[in-house]
Amino acid sequence: MDLRSLRYFVETVRLNSFTQAAESLHVTQSTISKMVRQLEEEVGAQLLIREGRRLTLTDTGNVVYERGLEMLNAMRQLAAEVRDTQALERGHLTVGIPPMINLLFTPVLKAFRQRHPNITLTLQEDAGQAIERQVAQGDLEIGLTVLPADPALGLQSSPIASYPIWALAARNTFQKNRTTLKLKSLANTPLVLLKDDFAMTRALRTAFAEAGFEPQIAAQSGQWDWLVAMASAGMGVALLPEPFIHRLAIGHLDAVKLVDPELPWQPAHVWRGAYLSHAARAWLEVCHDVLGSEPISLAKE
């Protein structure tokens, strides 16, 4: 059923006049008559009884009029909701975020809430590799991980920042006044790492393999503060990105930066395909403004 002819019919019945309906809709009276006839042909029944200037609905016409009102109101509501979504006056966004990355995003969350109070934002915490899979499967529109993401998933990615990784250990583990440590120096050193489902651990294992050694892992945990506690107790060397180092009271720890190669910790957004919702684009815009990450060019629909 053609919505335009339905709209012309409803307006004609509402005003009880072809002439007034034509004036209201800014078309000719012949156009109104033609569209009403077209609607009657589509329905297969007479809708209006014309008695001079008086218009009376048939029983079929009454059904079409009542349901037509509902359909046109629904279309107006749809248009209003689409406008609201595009204007960021409504919407919902779920962002997957690993525990290791979330400490960077407190100012982003505050700015997003202030700028877009009508968008419902949900943070779904999980390990980076799990978030990558959820994005690839379509369970999440956008998420965060540590690069490099799994190439087999075919995800789009955009780095937020890049920080060096540091080695933390109990006092006097490293040579006095040492500020850097070559990666190969960890070949025979017990390590305390994040669990294997963390993207950072995946990146570290790749770096170890490229350096030609298998790491000696003393323990693994999903909590970075526990890694620090184990390192402080002398169980092994913890490897953590620079932002965590600045948040620690490391007077009782040795802290040196990994070099040769210097391993970057690169948190990044990942998504699939070229299109992201208005809410997701708003999130990326706030991240760019607050964190200084590169703006992302995305298709709009």
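In what follows, the structure referred to is the one given above.
Everything numeric in this text was worked out from a predicted model, so none of it was measured. (Residues numbered from 1 in each chain as written. Predicted model: local features only at pLDDT ≥ 70, side-chain atom pairs only at ≥ 80, totals over all residues. Heavy atoms only, no water.)

Observations concerning helix H8 (residues 224–232)
Item 1. Regarding H8, the residues found buried are Leu-227, Val-228, Met-230 and Ala-231. On an axial view of H8, the arc spanned by its buried residues comes to 165°, and they lie on one face.
Item 2. Structurally, H8 contributes buried residues whose contacts are with strand S7 (163–170), strand S9 (190–194), strand S10 (216–221), strand S11 (237–241) and strand S12 (253–259).
Item 3. Two residues or fewer after H8 comes Gly-234, characterised by a positive phi angle close to 85°. (Buried < 20%, exposed > 50% of the residue type's maximum accessible area, 1.4 Å probe, protein only. Helix = DSSP H or I, 4+ residues; strand = E, 2+ residues; numbered from the N terminus. Arc of directions from axis to C-beta. Contact = heavy atoms within 4.5 Å.)

Focus: the sheet that holds strand S3 (residues 92–97)
Item 1. Spatially, S4-S3-S5-S14-S6 is the arrangement adopted by the five strands of the open sheet, whose pairing is mixed. Of all the strands in the sheet, the pair left with one neighbour each is strand S4 (120–125) and strand S6 (156–159). Taking the axes of each pair of neighbouring strands and ignoring which way they run, one obtains an average angle of 25° across the sheet.
Item 2. Its contacts with the sheet place helix H6 (residues 128–137) against S3, S4, strand S5 (142–146) and strand S14 (267–271), and it is angled at close to 145° to S5. (Pairing = 2+ DSSP bridges. Axes fitted to C-alpha atoms, helices over the stretch in contact; angles between N-to-C directions.)

Some words on the nonpolar core
Item 1. Core analysis: the largest hydrophobic core is formed by 65 residues, its most contacted members being Phe-105, Leu-183, Leu-186, Leu-239, Leu-258, Trp-265 and Trp-283.
Item 2. Both domains that meet at this core, namely domain 2 (90–160 + 266–291) and domain 3 (163–265), each give it at least three residues.
Item 3. Other than its neighbours up to four places away in sequence, Trp-265 contacts Met-100, Ile-101, Leu-104, Val-146, Ala-161, Ser-162, Tyr-163, Ile-165, Met-200, Pro-241, Pro-243 and Phe-244.
Item 4. Formed by 19 residues, the second largest nonpolar core is a distinct cluster that contains Val-10, Leu-25, Leu-39 and Leu-48. (Core = buried A, V, L, I, M, F, W, Y, C linked by side-chain atoms within 4.5 Å. Domains from an automatic or database assignment.)

Remarks on the packing of aromatic side chains
Item 1. Tallying each qualifying case throughout the model produces six aromatic pairs.
Item 2. Both rings, one in Trp-224 and one in Phe-244, keep their centres 4.7 Å apart while their planes meet at 65°; by these two values the pair is edge-to-face. Of this pair, Trp-224 sits in helix H8 while Phe-244 sits in helix H9 (residues 242–245), and the two are 20 residues apart along the sequence.
Item 3. The exposure class assigned to Phe-244 is buried, which follows from its relative accessible area of 0%.
Item 4. Taking 6.1 Å as the distance between ring centres and 75° as the angle between the ring planes, the aromatic pair formed by Phe-244 and Trp-265 counts as edge-to-face. Of the two residues, Phe-244 is situated in helix H9 and Trp-265 in strand S13 (residues 264–265); the sequence distance between them amounts to 21 residues. Assigned by exposure class, Phe-244 and Trp-265 land together as buried. (Phe/Tyr/Trp six-rings, centres within 6.5 Å; stacked < 30°, edge-to-face > 60°.)

Let's talk about the packing of helix H1 (residues 3–15) against helix H2 (residues 18–25)
Item 1. Relative to each other, H1 and H2 sit at 125°, their axes nearing to 8 Å. Judged by the angle between their axes, H1 and H2 are oblique. For the crossing formed where H1 meets H2, the hand is right-handed. On H2, the residues that touch Arg-7, Tyr-8, Glu-11, Thr-12, Arg-14 and Leu-15 of H1 are Phe-18, Gln-20, Ala-21, Ser-24 and Leu-25.
Item 2. Here the residues of the contact of H1 with H2 sort into five nonpolar, three polar and three charged. (Parallel < 35°, antiparallel > 145°, perpendicular 65-115°, else oblique. Left-handed = near helix turned anticlockwise from the far one by under 90°. Nonpolar A, V, L, I, M, F, W, Y, C, P; charged D, E, K, R; others polar.)

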